[in-house]
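One-letter residues, chain by chain:
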Amino acid sequence: FPSHDTSAIRTDNGPEFTSKVFQNWLHERKICWSPIEKGKPQQNGIIERFNRTVREAVLDACLFPTLQDAQNECDAFIAEYNEVRPHQALNYKTPKEYAA
C-alpha cells in the first residue's frame, strides 16, 4: 500500500478502473491506484456497502431527466448519509457525530 505522503485510491478491478482513461487520470494527478485482490471484495467492504446503498436508495429508485438532477439527488443523499442517518457500526451515531 502507498506511503502516507502519497494519495491513493483503493478500488476493485472493474473495467472502469483498469481503463486507460482512469489510469491516465491517476497518473496526471500523481495518485496511486491500490486495487484489491481479485475475488476479494471484502478488502474494499466499506465502499462496496456504500455503493450498494447509493445504488438502491438513489440510482435504482429514481429517473433523472438531466445529469444535474442526478448530481443534486446524489448530493442530498450523501448529506443525509453523513449528517442525519445513524449508522449501526458507529453505535447509532451519524458519521459527523462520530467524527466530532
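Scroll up for the structure.
Small disclaimer: the values here were computed from a predicted structure and weren't measured. (Residues numbered from 1 in each chain as written. Predicted model: local features only at pLDDT ≥ 70, side-chain atom pairs only at ≥ 80, totals over all residues. Heavy atoms only, no water.)

**Details of the overall build of the protein chain**
The number of helices and strands found in the protein chain is five helices and two strands. Relative to its length of 100 residues, the protein chain is extended, with a C-alpha radius of gyration of 16 Å against a globular reference of 13 Å. Here the C-alpha coordinates of the protein chain stretch approximately 35 × 35 × 25 Å along the principal axes. Classification of the 100 residues of the protein chain by burial places 19% in the buried group. Residue pairs in contact within the protein chain that sit at least 24 positions apart in sequence constitute 33% of those at least 6 positions apart. (Helix = DSSP H or I, 4+ residues; strand = E, 2+ residues; numbered from the N terminus. Rg over C-alpha atoms; globule rule 2.2 N^0.38 Å. Buried < 20%, exposed > 50% of the residue type's maximum accessible area, 1.4 Å probe, protein only. Contact = heavy atoms within 4.5 Å.)

**Quick look at helix α3 (residues 45–59)**
Between its terminal C-alpha atoms α3 stretches 20 Å, which fits the 21 Å expected from 15 residues at 1.5 Å a residue. Among the structural elements, α4 (67–83) are those in contact with the buried residues of α3. (Expected span 1.5 Å × (residues − 1).)

**Describing the pattern of salt bridges**
For the structure shown, the criterion picks out two salt bridges. Across the pair R29 and E28 runs a salt bridge whose closest N-O atoms are separated by 3.5 Å. Given the relative accessible area of 42%, R29 is considered partly exposed. A salt bridge links R52 to E56; the nearest nitrogen and oxygen atoms lie 3.6 Å apart. Taken together, the residues R52 and E56, both in helix α3 and four residues apart, mark about one turn of the helix. (Salt bridge = Lys/Arg side-chain N within 4 Å of Asp/Glu carboxyl O.)

**Describing the layout of surface pockets**
Approximately 290 Å³ is the volume found for the largest pocket. Lining of the largest pocket is provided by I46, R49, F50, T53, Y81, R85, P86, H87, Q88, A89 and L90. Its residues placed into classes, the lining of the largest pocket shows six nonpolar, three polar and two charged. (1 Å grid on protein atoms, 1.4 Å probe; cavity = no way out; pocket = protein on both sides within 12 Å on 5 of 7 lines; lining within 4 Å. Points joined across faces, edges and corners; volume = space filled by probe spheres on them. Nonpolar A, V, L, I, M, F, W, Y, C, P; charged D, E, K, R; others polar.)

Geometry only, nothing functional implied.
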